[in-house]
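# Commentary on secondary and tertiary structure
Next come the chains, spelled out residue by residue.
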Amino acid sequence: MAAGVDPHYFDSLWKTIDLGVDGSVALLRRDGLLMMRAPFNESIMGKSFERESVFRDRLPKSPAGRYMDASPVDGKVRVYSYRTLSGQPDLVVVVGQSVDRILAPWHQLAVVSLAIWAVACIVLVALCMILNQAWQRRRSTEARLRQSEEDLSITLQSIGDAVIATDANGRITRMNPTAERLTGWTLAQAAGRSLPEVFHIIHAETRQIAIDPVQQVMEHGQVVGLANHTALIARDGTEHQISDSAAPIRDASGAIVGMVLVFSDVTEDYRVRASLVKTTTMLERTGRLARVGGWETDLCTGATSWSAQTCRMLELDPPVAPTTSEARLAFYGHQGRPQLDAAVRA
């Protein structure tokens, strides 16, 4: 039985199979004789390829397989698959695809992967730069905060008045050395305690407990001052006359987040004032008993005032403040005025 294959039919049939550019299909006899090949090349029809490795080494071992080799027809490197026909074991079909065709999806995947990797690297670098900038800003902010804390600490340590700061709940957060000395509490001991527990104040005369400054600041939201005659009872029982004021601490939104209390020890001022009142009272009593009058001139302002006894002696209702130097000395004799003028000028 003899059979024939139309080369053009075989070529058109090959084109329906997508082997890509440089792909090939060949039908050969088992002894290597080429019966048909697509793409068609008439010059090699009937040529024997028995010396090729597929017929020499592979086909004797296995009726089907795969290998890569340069084509003996056009010299192009392809990956080949061969198989003997099940109905015609003397015929072998060899199909070849170019290496570029086979590796194209891998090339595309590699390009896509490389692009993704490049984008990821760019994003990573950008993220690192952003994080570094944020870290640098944070370091700068922390440095400024530390510097502010140091400046505030130095200021609080250096200020002569006593200073106590609290949070919005009235818990102590800061104290300077003056406040520690007057209250008898160290900052380590007072931190976190309520203000009235450390800053124990009473009315010096009635001995009643004074109003908590934190409560006043929270209620009014503005600077408040303590009433006169306020006394601070230290931790050891020592009593100090004080004057103070309290002001709210606000955040950027205006909300009250704490309070600062500034106070000073005015015990000596009260003592001096009481002593002056006592001395003045004694002088008034002495002048009344001895019927001796007097007058006082402020050398800075020039204001003059007569004592109550002087007013009584001149039958005037006190207080009297003469407006001219002549009026001040009107009741003195002419012989004593030079000494008075010299005393005033001195």
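In this text, all values refer to a predicted model and were calculated from it rather than measured experimentally. All residue numbers here refer to positions counted from 1 along the written sequence of the relevant chain. Only residues with pLDDT of at least 70 are given local features in this predicted model, and only at 80 or more are side-chain atom pairs given and counted; all residues enter the totals for whole chains, interfaces and linings. Excluded from the side-chain calculations are hydrogens and water; all other atoms, namely the structure's heavy atoms, are used.

## A word on the overall build of the protein
Applied cut-off: Going along the chain from the N terminus, every DSSP run of H or I of four or more residues is numbered as a helix, and every run of E of two or more is numbered as a strand. By definition, residues are in contact when any of their heavy atoms lie within 4.5 Å.
Helix and strand content of the protein: 11 helices and 14 strands. When contacts within the protein are restricted to residue pairs at least 6 apart in sequence, those whose partners lie at least 24 apart make up 40%.

## So, the nonpolar core
Just so we agree on the cut-off: In plain words, nonpolar cores are sets of buried Ala, Val, Leu, Ile, Met, Phe, Trp, Tyr and Cys residues tied together by side-chain atoms within 4.5 Å. Categorising residues by exposure relies on relative accessible area from a 1.4 Å probe, with only protein chains included: less than 20% of the type maximum marks a residue as buried, more than 50% marks it as exposed, and the intermediate range marks it as partly exposed.
If you look at the biggest cluster of nonpolar residues, it comprises 22 residues, and the most contacted ones within it are Ile164, Leu195, Phe199, Leu261 and Phe263. Elements that contribute at least two residues to this core include exactly strand 6 (162–167), strand 7 (172–175), helix 4 (177–183), helix 6 (195–198), helix 7 (213–220), strand 11 (239–250) and strand 12 (256–265). Per element, the largest residue contribution to this core is 3 residues, and it comes from strand 12. If near-sequence neighbours (up to four positions away) are discounted, Phe199 is found in contact with Ile164, Pro213, Leu226, Leu232, Ile242, Asp244, Leu261 and Phe263. Core analysis: the second largest hydrophobic core is formed by 13 residues, Ile44, Leu59, Tyr82 and Val94 among them.

## With respect to the environment of Gly221
You can see Gly221 is positioned in the loop between helix 7 and strand 9 (224–225). Other than its neighbours up to four places away in sequence, Gly221 contacts Gln216, Pro248, Arg250 and Ile256.

## With respect to the packing of aromatic side chains
Under the convention used in this document: Stacked, tilted and edge-to-face pairs are distinguished by plane angle, under 30 degrees for stacked and over 60 for edge-to-face with tilted covering the rest, among Phe, Tyr and Trp rings (Trp via its six-membered ring) whose centres lie within 6.5 Å.
Inspection of every chain in the model, using the stated rule, returns 3 aromatic pairs. A ring pair is formed by Tyr67 and Tyr80, whose centres lie 5.3 Å apart and whose planes are at 25°; its orientation type is stacked. Of this pair, Tyr67 sits in strand 3 (residues 64–70) while Tyr80 sits in strand 4 (residues 77–84); the two residues are 13 residues apart in sequence, bridging distant segments of the chain. A residue is classified by how much of its surface remains accessible, and Tyr67, at 10% relative accessible area, is buried. On the numbers, 4.9 Å between centres and 50° between planes, the contact of Phe199 with Phe263 is tilted.

## Topic: unusual backbone geometry
With an omega of 5°, the peptide bond between Ala38 and Pro39 qualifies as cis. A positive phi angle, near 65°, is found at Arg207, a position not held by glycine. Checked against the element boundaries, Arg207 lands in the loop between strand 8 (200–203) and helix 7. Judged by relative accessible area, Arg207 falls into the partly exposed class, the value being 41%.

## A closer look at helix 7
Convention followed: Note that the arc is defined by the directions from the helix axis to the C-beta atoms. Each polar contact in these results corresponds to two N or O atoms within 3.5 Å; when the atoms are within protein, one needs to be able to donate a hydrogen and the other to accept it, and residues that are neighboring in sequence are counted only if both atoms are side-chain atoms.
Three or more residues of helix 7 are buried, namely Pro213, Val214, Gln216 and Val217. Along the axis of helix 7, the buried residues cluster in a sector spanning 165°; they form a single face. Contacts made by the buried residues of helix 7 are with strand 6, helix 6, strand 8, strand 9, strand 11 and strand 12. Among the residues of helix 7, the N-terminal cap falls to Asp212, whose side-chain oxygen and the backbone nitrogen of Val214 are separated by 3.1 Å.

## With respect to the pairing of strand 11
Put simply, the rule reads: Pairing between two strands requires that DSSP report at least two bridges joining them.
Bridge analysis of strand 9 against strand 11 gives 2 bridges, and the strand direction is antiparallel. When the sheet's bridge partners are listed, Gly225 is paired in strand 11 with Ser245. The pairing of strand 10 (residues 230–233) with strand 11 spans 4 bridges and is antiparallel. Considered in strand 11, the bridge of Ile233 is made with Glu239.

## Observations regarding the side chain of His240
Inspection of the secondary structure assignment puts His240 in strand 11. One polar contact links His240 to Asp265, side chain to side chain, over a distance of 3.4 Å. With residues up to four places along the chain from it excluded, the contact list for His240 reads Leu182, Thr230, Ala231, Leu232, Asp265 and Thr267.

## Brief notes about the confidence of the model for the protein
As a general rule, the predicted coordinates of low-pLDDT regions are not to be interpreted in detail. As a reminder, the rule being used: Confidence scores here are pLDDT values: one per residue, from the predictor, ranging 0 to 100.
Confidence along the protein averages 79 in pLDDT terms, with 71% of residues attaining 70 or more. Looking across the protein, the model is least confident in helix 10 (residues 325–328), with a mean pLDDT of 53, and most confident in helix 5 (residues 187–190), with 92.

## Quick look at the sheet that holds strand 3
Defined as follows: In this analysis an axis means a line fitted to C-alpha atoms, helices contributing only their contacting stretch, and an angle means the value between N-to-C directions, from 0 to 180 degrees.
Pairing is antiparallel across the open sheet formed by 5 strands, whose spatial order is 2-1-5-4-3. What marks the edges here is a single partner per strand, and that holds for strand 2 (34–38) and strand 3. Neighbour to neighbour, the strand axes of the sheet diverge by 20° on average, direction disregarded. Across 7 bridges, the pairing between strand 4 and strand 5 (residues 91–98) is antiparallel. The residue bridging Arg83 from the neighbouring strand is Val93, located in strand 5.

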